[in-house]
Amino acid sequence: MLKTLTAQTHSLHINGATFEVASGTSVAAALLLAGQPSRFSVGGEPRAALCGMGICFECRAVVNGVPHQRTCQLLCEDGMTMETNR
Amino acid sequence: MSSTITTEVLVLGAGPAGIAAATAAAEHGRRVVVLDDNRKPGGQIWREGSTAKVGSTRVRNSKKRRALDRLYRSTALLLPGRTVFNASADGLVEATCENAADRAVERIHFEYLILATGARERFLPFPGATLPGVFGVGGLQALVRAGYTIAGKRVVVAGTGPLLLAVAAHLANDGATVSTIAEQAPFLKLAAFAASLWRQPTKLLQGARFRSSLRSTAYRTGCWVTEAIASPHGHTLSAVRLTDGKRTWTEPCDLLACGYHLVPNTEIAELLGCAFDGSFVMVDAQQRTSIPNIFCVGEPTGIAGLDAAIVQGEVAGLECAGESTQSLRGRVLKEQVFAKGLERAFGLREELRLLPRPDTIVCRCEDVRFATLQRNAEWSDIKLQTRCGMGPCQGRVCGPAVEFLLDCKPASVRQPLYPVALRALCSAIEPISEVEIIEISEFSNTEEKV
C-alpha cells in the first residue's frame, strides 16, 4: 500500500473550534500551530509540549474524550477532538 | 483484552542500537521481536519527518535507509506504539499498545533481552522555563519534524552538547531565524574536543557543515540562559536573558530551545536489577549486563552517539545468536574514546546550579518550587514531602535536575514505569493469533516504504 503524497488536510476540533492541519501532523504540533496550550498545570499555568518524544507528559490533553493522552505520540486524524482546558 | 507473544530475542527500542541488534540477531536465525514507544522506527536521531514535508526538507540519510532496509528484509517483527511498563529478569516484559482502542496489555516472553532504550534530554530549571514557547533542543526539532512550522520565527538555541549545532542548522533550514546559539561549555574545552576528533574526520566535517548553514547566527561558548521572559500580556515567550558570566543581556525571541545534553533512559535496567557504573548500565565486552541473558546497548551504557550505538547493537545481536564479535572490538573501543571526549567537553558548569529562584518550578508535573526542595536531602523524603517526581513523568524530567542541583540521586524505580489504565492492567490474558501478528508486521513494514 503506497501513501499518496498529495497535500491532504485534516479538520480538527480544538476546544470546539475547527482547525485544519496537513496530513502527518502530530496532535502536539497541531496544538502549537493553533496557539493553544496542551494543558493547565496543577497550579493553573498553561503548558505546552517540551520534549517532543513522549517523556515529559507536558503535552498531554484530552483527545477524542480520552484524558491524559501524550499528544506528541499521536497523529492527527480527520474529525479528531481535543480539549486542553482540563 | 490482553495478549501474549513468545520470542527468543526481545529488543526494547528501535533506535539505531536496537535496529542494529535486532537485525544482527534475526539475520543469524534468531526469532526477534522489537518494541518501540514511537509510531515509527529510528529513535530520536533518525526520527521521521512528517508526511506533510515529504519531498521538501527531508534529507536523504543513507545510513538510516540502509539500516531500516536491512531490518525490514530480516525476519525481525517490529511492534511500534508500545509503552513498556514492566519487565522481569525471569523472561517477561509487559507493554501497552497505544493504537489499540482499549490500550490492551501485551505480555512478551523472552530468552534474551536487549535494552536499547536510548537517552532523553536533561532539562535544568530556570525562571520562566515552563512558559509555552520554551522547548527542549531535540524537543523542538522533533515537533518541527511532526509538522510544527517555525518559518519566520526568531529562535535562541541554548544549553550544551553537540545537538545544539545540529538542531540550529535544521531549524534554520526550515526558515527560522536562529539569532544565537548559547553553549555553556567554555571555548577551550570545545577546542580540545574538536582537536581530539582528528581520528574521526566525518564527525568533524559534520560539525563544520552545520556551522556553514548558520552564517548569520552568533555561536557563543561559555554562555547560558538565565531567564525566559514572558510577553507583557502573560503567557507567551518574548525574550531570554543570556549571560557569559561577566555581562548579561536580553535577546528578543519567539522560541527558546534549551537542553543540557543527554541522560540515559535506564529505568527498565534499574527495575530488572542490572548493575550500574555511576549513571550508566555496566556491560562487558559483549554488551552483557550483570544479568547473563540481558544485554544493553547505546546511550544507557554511556553517552557516545550514533556510531557507538550501531556497533554495540550489532555486538549484542550477534552474541544472542551465538556468533563471534571479536572483529567488532576495534570499532567499539574507538567509540568509547569519543564518549570520554563528549563527557569532558560538555560537563555542566557550577553557575547553572544558581539559576533557579525560590519560586522557580522544578517538578513540572506537580508544580513543586525550588524553595520547598532545599529543606530536604534524600530523594524519597523529597518525594514524600513535596510530591516532586510523583507526577505522570515519574521524575524523568525533574529527577536529573534535582540530582544536579542538590546532589541527590533519584532512586526507587518500580513498576508501572509509565502510567497505565487500571482497566488495561486488569485485562485477561488471551494468546494473540499468528494471523494478527503477521498483519501487524506487514502494516508496519509497508507503511515505511513510501
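Our subject is the structure listed above.
Since this is a predicted model, take the numbers as computed values, not measurements.

Conventions used here
Residues numbered from 1 in each chain as written. Chains lettered and ligands numbered in written order. Predicted model: local features only at pLDDT ≥ 70, side-chain atom pairs only at ≥ 80, totals over all residues. Helix = DSSP H or I, 4+ residues; strand = E, 2+ residues; numbered from the N terminus. Rg over C-alpha atoms; globule rule 2.2 N^0.38 Å. Buried ≥ 20, exposed ≤ 12 C-beta atoms within 10 Å, placed from the backbone. Contact = placed C-beta atoms within 7 Å. Core = buried A, V, L, I, M, F, W, Y, C linked by C-beta atoms within 7 Å. Domains from an automatic or database assignment. Pairing = 2+ DSSP bridges. Axes fitted to C-alpha atoms, helices over the stretch in contact; angles between N-to-C directions. Arc of directions from axis to C-beta. Nonpolar A, V, L, I, M, F, W, Y, C, P; charged D, E, K, R; others polar.

With that out of the way, let us pick up the overall build of chain A. When helices and strands are counted, chain A shows 1 helix and 7 strands. Each helix (α) and strand (β) of chain A, taken in turn from the N terminus, gives the series β-β-α-β-β-β-β-β. Its C-alpha atoms give chain A a radius of gyration of 13 Å, near enough to 12 Å, the size a compact globule of 86 residues would have. C-alpha atoms of chain A, sized along the principal axes, occupy 45 × 25 × 20 Å. Counting over 86 residues, chain A shows a buried share of 49%. By sequence separation, contacts in chain A at least 24 residues apart represent 34% of the contacts at least 6 residues apart.

Okay, the overall build of chain B next. Each helix and strand in chain B was counted, giving 14 helices and 23 strands. Here chain B has a C-alpha radius of gyration of 22 Å; the compact-globule value for 450 residues is 22 Å, and the two agree. Here the C-alpha coordinates of chain B stretch approximately 65 × 50 × 40 Å along the principal axes. In chain B, buried positions account for 48% of the 450 residues. Long-range pairs, those at least 24 residues apart, make up 67% of the contacts in chain B between residues at least 6 apart in sequence.

B:L143, B:V157 and B:L256 are the most contacted members of the largest nonpolar core, which has 87 residues in total. The element best represented in this core is helix α4 (residues 163-173) of chain B, accounting for 8 residues. Inspection of this core shows a minimum of three residues originating in each of domain 2 (123-260) and domain 3 (356-406) of chain B. Every residue in contact with B:L143, bar those within four places of it in the chain, is listed here: A:A28, A:A29, A:L32, A:A49, A:G52, A:C72, B:F135 and B:Y148. B:A20, B:A185, B:L272 and B:F295 belong to the second largest nonpolar core, which has 71 residues in total.

Quick look at the sheet that holds strand β3 (residues 32-35) of chain B now. Strand pairing in a sheet is mediated by backbone hydrogen bonds. Such pairs are either parallel or antiparallel. Residue and element names in this part refer to chain B. Judged by pairing direction, the sheet is parallel, and its 5 strands sit side by side in the order β4-β3-β2-β8-β21 without closing on themselves. Each end of this open sheet is capped by a strand with a single partner; those strands are β4 (77-79) and β21 (294-296). Neighbour to neighbour, the strand axes of the sheet diverge by 20° on average, direction disregarded. One ladder, built from 3 bridges, connects strand β8 (residues 112-115) with β21; its direction is parallel. Counterpart to L113 in the pairing with β21 is I294.

Turning next to helix α11 (residues 379-386) of chain B. Residue and element names in this part refer to chain B. Within the span of α11, buried status applies to W379, I382 and K383. Buried positions in α11, seen along its axis, are confined to an arc of 100° and lie on one side of it. Of the exposed residues in α11, the ones pointing more than 90 degrees away from its buried face are D381 and L384. Lining the buried residues of α11 we find α10 (370-373) and α12 (398-406). Once α11 ends, the next one or two residues include R387, with phi positive near 70°.

At the junction of the two partners, chain A supplies 37 residues and chain B supplies 37 residues. Of all elements in the fold, only β2 (17-22), α1 (27-33) and β4 (46-47) of chain A reach the threshold of two or more residues within the side of chain A that touches chain B. Top contributing element to the side of chain A that touches chain B by residue count: α1(A), with 4 residues. Of the residues contributing to the side of chain A that touches chain B, the split by class is 22 nonpolar, 10 polar and 5 charged.

The values reported here are purely geometric and, on their own, carry no functional implication.
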